[in-house]
Amino acid sequence: MVMSIQKTHILIIAPIFYGSGTGSAVYYQLLVRELEKYGFKCSVISEKATEEQSPLMSGQFYPLFPRRTGKRKRFWQDIGVYALQNLSYRHLESIINEAQPNIVLVHSSFYALPGLFGYFMSSIMRDKRLSIDFILDVRDVLFSLDKVILFRKHNAIIACSKNVKKKLISGGLPKHKINLIPVIQEHISVSQVTINEMLETHGLQGKEFIFYAGLIKEIKAVDVLLDAFINYVYPKQPDVYLVMSGYLKTSSSSILLALNAPNVYYLGNLPRSSTLALMAGANLCVNLSPNESISRFSLEALALSRPVLLPPNVPEFEKHCPDFVVHGRNSADIAAQIIAAYQHPHVPDYPIAQHAPQQVVQQYIEIFEGVS
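The sections below set out a description of the structure shown in this document. Owing to the predicted nature of the structure, the values given are computational and were not obtained by experimental measurement. (Residues numbered from 1 in each chain as written. Predicted model: local features only at pLDDT ≥ 70, side-chain atom pairs only at ≥ 80, totals over all residues. Heavy atoms only, no water.)

## Concerning the pattern of salt bridges
In the structure shown here, the tally under the stated rule is eight salt bridges. The closest approach of N and O atoms between Arg 129 and Asp 127, which form a salt bridge, is 2.9 Å. A salt bridge links Glu 300 to Arg 272, with the nearest nitrogen and oxygen atoms 2.7 Å apart. Of this pair, Glu 300 sits in helix 11 (residues 296-303) while Arg 272 sits in helix 10 (residues 272-281), and the two are 28 residues apart along the sequence. Both residues of the pair, Glu 300 and Arg 272, belong to the buried class. Here the residues in one salt-bridge network are Arg 33, Glu 34 and Lys 37, joined through shared partners. (Salt bridge = Lys/Arg side-chain N within 4 Å of Asp/Glu carboxyl O. Helix = DSSP H or I, 4+ residues; strand = E, 2+ residues; numbered from the N terminus. Buried < 20%, exposed > 50% of the residue type's maximum accessible area, 1.4 Å probe, protein only.)

This is the structure we're talking about:
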């Protein structure tokens, strides 16, 4: 298949696209925006969006998956929604046939949990009548190695970080099939007026605070962050606050209790604009999650030139700013690192330019041209 960029139709299958402030939503919105600048037609299959979340795109938005109820972890409700989502996969083939894309870009999270996605996608990819290239976009390291056999069926694989690439190779995926493409990060800035308004809205004006934004769940090490702050940072720095935002995805009683501890502010999930304003106003941005590729939160903090502590196990961070990486899960040690970074703030010299949209989208285009 010879590709004409002006006629190329990209269909993205994403877990969330119009969500407020989630890393996946921000990523694919940025990617679509950049691809459209180069003449690509972009359509998206994702979860249902409300009317006010439906801006115009060059292609079609297919609201196939059920909206996750408030994103808060409720076991039986979550099970029911996930069952409905699995049933919805049976419509993938008809949507693909209707859309007639040249390329289907699939988010790897659909393979992360037991379900029917792999079955339906394998059936579609076996259909010789379809002149489509299937590309898997692997956005994290949380996939199990036994899923890599399903990954191999795609024409190409995108890895967003070196630790993702390493795990794919350890699962038996051929190196030549993996394309390492950095996470997109556009230039961002926040005015002091906006920062002041956001601080006032949340009762933080005049307060010094440490900030985390992301899913509130154990896999993100928020339990460790809370323990380090409550039991070690706060007793030594009683005037500093820990501010957290993001979807509450845990039923842990200890975490829920800790979110109400003195000097801990949990703000719920916020729009991206609000998150960026709080990030810009924070004394220190902290992410301890050991399961990241390159997290959106950390990347945005770096783009805003904020003092940060960065998650472990990310080769790019280990290479360029090792002194800012937090290792281990010992709360006392982590607290000592937090206090040092708070008292003596520094901004890492990280090469953020490699994440610039114009550079990243060119790498996507090279893959789109090369798979056929």
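## Things to note about the side chain of His 9
By the secondary structure assignment, His 9 is in strand 1 (residues 9-13). Judged by its relative accessible area of 5%, His 9 is buried. A distance of 3.2 Å separates a polar atom in the side chain of His 9 from the backbone oxygen of Ala 99. Apart from the residues lying within four places of it in its own chain, the contact partners of His 9 are Lys 41, Cys 42, Ser 43, Ala 99, Gln 100, Pro 101, Asn 102 and Ile 103. (Polar contact = N/O pair within 3.5 Å; in protein donor to acceptor, adjacent residues only side chain to side chain. Contact = heavy atoms within 4.5 Å.)

## Details of the pairing of strand 1
Strand residues, when the strand is regular, have side chains that alternate between the two faces of the sheet. Taken across its five residues, strand 1 has five buried, putting it largely inside the fold. Across the two faces of strand 1 the burial is the same, with His 9, Leu 11 and Ile 13 and Ile 10 and Ile 12 all buried. Both strand 1 and strand 2 (residues 41-47) contribute to a ladder of five bridges, which runs parallel. Bridging from a neighbouring strand, His 9 pairs with Lys 41 of strand 2. Here strand 1 pairs with strand 4 (residues 103-107) via four bridges, running parallel. Across the sheet, residue Ile 12 finds its bridge partner in strand 4, namely Leu 105. (Pairing = 2+ DSSP bridges.)

## Some words on the environment of Val 224
Mapped onto the elements, Val 224 comes out in helix 8 (residues 222-236). When its relative accessible area of 7% is taken as the criterion, Val 224 is described as buried. Taking the C-alpha atoms as reference, Val 224 lies 9.9 Å from Ala 332; in sequence the two are 108 residues apart. Contact partners of Val 224, with chain neighbours within four places excluded, come to Leu 288, Arg 329, Ser 331 and Ile 334.

## A closer look at the packing of helix 3 (residues 92-99) against helix 4 (residues 117-125)
Axis separation between helix 3 and helix 4 bottoms out at 10 Å; the angle between their running directions is 40°. The orientation of helix 3 relative to helix 4 falls into the category oblique. In the crossing of helix 3 with helix 4, the sense of the turn from one axis to the other is right-handed. The residues of helix 4 that touch helix 3, namely those facing Leu 92, Glu 93 and Ile 96, are Phe 117, Met 121 and Ile 124. Per-class residue counts for the contact of helix 3 with helix 4 are five nonpolar, no polar and one charged. (Axes fitted to C-alpha atoms, helices over the stretch in contact; angles between N-to-C directions. Parallel < 35°, antiparallel > 145°, perpendicular 65-115°, else oblique. Left-handed = near helix turned anticlockwise from the far one by under 90°. Nonpolar A, V, L, I, M, F, W, Y, C, P; charged D, E, K, R; others polar.)

## Things to note about the sheet that holds strand 10 (residues 264-266)
Two strands in a sheet stick together by hydrogen bonds in their backbones, pointing the same way (parallel) or opposite ways (antiparallel). With respect to topology, five strands assemble into an open sheet ordered 10-9-8-11-12, the strand pairing being parallel. Each end of this open sheet is capped by a strand with a single partner; those strands are strand 10 and strand 12 (308-309). Note: strand 11 (residues 284-286) against strand 12, two bridges, orientation parallel. Across the sheet, Val 286 pairs through a bridge with Leu 309, a residue of strand 12. Its contacts with the sheet put helix 8 on strand 8 (208-213), strand 9 (240-245), strand 10 and strand 11, and the angle it makes with strand 9 is roughly 165°.

## Notes on the pairing of strand 2
Within strand 2, six of the seven residues are buried, leaving the element largely enclosed by the surrounding structure. Across four bridges, the pairing between strand 2 and strand 3 (residues 61-65) is parallel. Across the sheet, the residue bridging to Glu 47 is Phe 65, located in strand 3.

## Notes on the side chain of Ser 295
Mapped onto the elements, Ser 295 comes out in the loop between strand 11 and helix 11. Accessibility expressed as a relative area gives 6% for Ser 295, which makes it buried. A polar atom in the side chain of Ser 295 sits 3.0 Å from the side chain of Asn 287.

## Examining the nonpolar core
Of all hydrophobic cores here, the largest spans 101 residues; its most connected members are Ile 13, Met 121 and Leu 168. If sequence neighbours within four positions are ignored, Ile 13 has contacts with Ile 45, Phe 65, Leu 92, Val 104, Leu 105, Val 106, His 107, Phe 110, Phe 117 and Met 121. (Core = buried A, V, L, I, M, F, W, Y, C linked by side-chain atoms within 4.5 Å.)

## Looking at helix 13 (residues 331-343)
Its 13 residues give helix 13 an end-to-end C-alpha distance of 18 Å, which sits within 8% of 18 Å, the value for a rise of 1.5 Å per residue. By the burial criterion, the buried members of helix 13 are Ser 331, Ile 334, Ala 335, Ile 338, Ile 339, Ala 341 and Tyr 342. Buried residues along helix 13 cover an arc of 165° about the axis, so they all sit on one side. Looking at the buried side of helix 13, the elements it contacts are strand 8, helix 8, strand 9, strand 11 and strand 12. Two or three places before Ala 332, at the opening of helix 13, Asn 330 has a side-chain oxygen 3.1 Å from that residue's backbone nitrogen. (Expected span 1.5 Å × (residues − 1). Arc of directions from axis to C-beta.)

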